[in-house]
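Reading the structure
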Amino acid sequence: MPLNDPNHWRTPTRSIALINQKGGVGKTTTAVNLAAGVARLGRRALLIDLDPQAHASLHLGAEPGPADLTVYDLLIDTDARADDAIIEIEPNLQLIPSLVDLAAAETELASEPNRQDRLRRSLAGLQAPPEFLFIDCPPSLGLLTLNALAAVREVVIPMQAHFLALQGVGKLLETVGLVGRGVNPQLVVSSVVLTSHEEQTTLAKEIVADLDAFFASQRQTDNPWRSARVRRPAIRRNIKLAECPSFGKTIFDYAPKCAGAEDYASLAQSFVREWDSLLERIRERRASGNDAETPGPRGGVTVPDEDRLGAS
Ligand code: ADP
Ligand code: MG
């Protein structure tokens, strides 16, 4: 969209941070394949690799050289432009990559003002905001994750239905609640994506039932997770999903007919469908004159001023 288009700033972006402070729960697998799935549906998706391990970048076969801009530069150097860090992966799929040097960013920023707001400010400068923004977060609740929470509207929690999973979710929600009250009052936890799922096991069934009951008990609260739910269907355990990162390919390129490709395609469809119906509801409300104007952008990455994302 050209910069002089009067609708430029209105481009609505569904912005999602994939967060879980536990490692190995499927954050990166979900970030990469969900972004690719959305792109395959013809929607422009931007994936930000915010993990110093750079797994998402490797998964997409992107290896930035020393001269290339990465998310580290966007956090440290306020003059660096987010547009210059973008790598085109395939049609509709863009990546802002990461390198191991990102690990140093937390200490380098330790005494900087607005240190948790660096990523949001940088993304605000994007010339053409994407329709879907996904941020793959590191397995911790440190400054990098805070930057993700400040930059998005929505949190999605990838997790495995394992013993102790619920405790981890509690801790995560506590952090999201604090951030919500502080840097980002609009933040909403929309959903949990179950990964590596083995739904026939009793343990998995029990944990999913506990999660459902927990979220149902939150509906009347004013917590940022009051509309959250466990998404169905879950992503099944599928060996192809574990294999494809070594080939630098998404599941759709590596094994397009496997269960993993099928599950991520339906997940992507559900995100796109929800978004389309949300935008449609907003258009209808506008047309009926019942809606206040969408407020100005939270930077270039905007979402319509709407109730709770992801609520079905
Ligand atoms: P995180 O980013 O949370 O650390 P990853 O996405 O890297 O987690 O996943 C951890 C490991 O599990 C990786 O080796 C990944 O390939 C594998 N994996 C993720 N999802 C699945 C799945 N549905 N089936 C099988 N293996 C999976
Ligand atoms: Mg990861």
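Thresholds, definitions, all that
Residues numbered from 1 in each chain as written. Chains lettered and ligands numbered in written order. Predicted model: local features only at pLDDT ≥ 70, side-chain atom pairs only at ≥ 80, totals over all residues. Heavy atoms only, no water. Helix = DSSP H or I, 4+ residues; strand = E, 2+ residues; numbered from the N terminus. Contact = heavy atoms within 4.5 Å. Pairing = 2+ DSSP bridges. Buried < 20%, exposed > 50% of the residue type's maximum accessible area, 1.4 Å probe, protein only. Right-handed = clockwise from strand over helix to strand, strands pointing away.

Re the environment of A165
- Inspection of the secondary structure puts A165 in helix α7 (residues 165-181).
- Note: C-alpha distance between A165 and L211 (46 residues apart in sequence) is 9.5 Å.
- Excluding its chain neighbours within four sequence positions, the residues that come into contact with A165 are M159 and Q160.

With respect to unusual backbone geometry
- That bond from R232 to P233 is cis: its omega, -5°, falls within 30 degrees of zero.
- Positive phi is not limited to glycine here, since A54 has a value of about 55°.
- The phi dihedral of N114 falls on the positive side, at around 55°, and the residue is not glycine.
- Position of N114 among the secondary structure elements: in the loop between α4 (102-108) and α5 (118-123).

A few points about the pairing of strand β3 (residues 87-90)
- Pairing of β3 with strand β4 (residues 93-96) involves three bridges; the strand directions are antiparallel. Bridged to E90 within β4 is L93.

Things to note about the pairing of strand β6 (residues 154-159)
- Here β6 lies mainly inside the structure; six of its six residues are buried.
- Side chains E154, V156 and P158 project from β6 onto one buried face, and the interleaved V155, I157 and M159 project onto a second face that is buried too.
- One ladder, built from three bridges, connects strand β1 (residues 14-18) with β6; its direction is parallel. Residue pairing in the sheet places A17 in a bridge with V155 of β6.
- Direction of pairing for β6 relative to strand β7 (residues 188-194): parallel, over a ladder of six bridges. Residue pairing in the sheet places E154 in a bridge with V188 of β7.
- For the crossover from β6 across α7 to β7, the handedness is right-handed.

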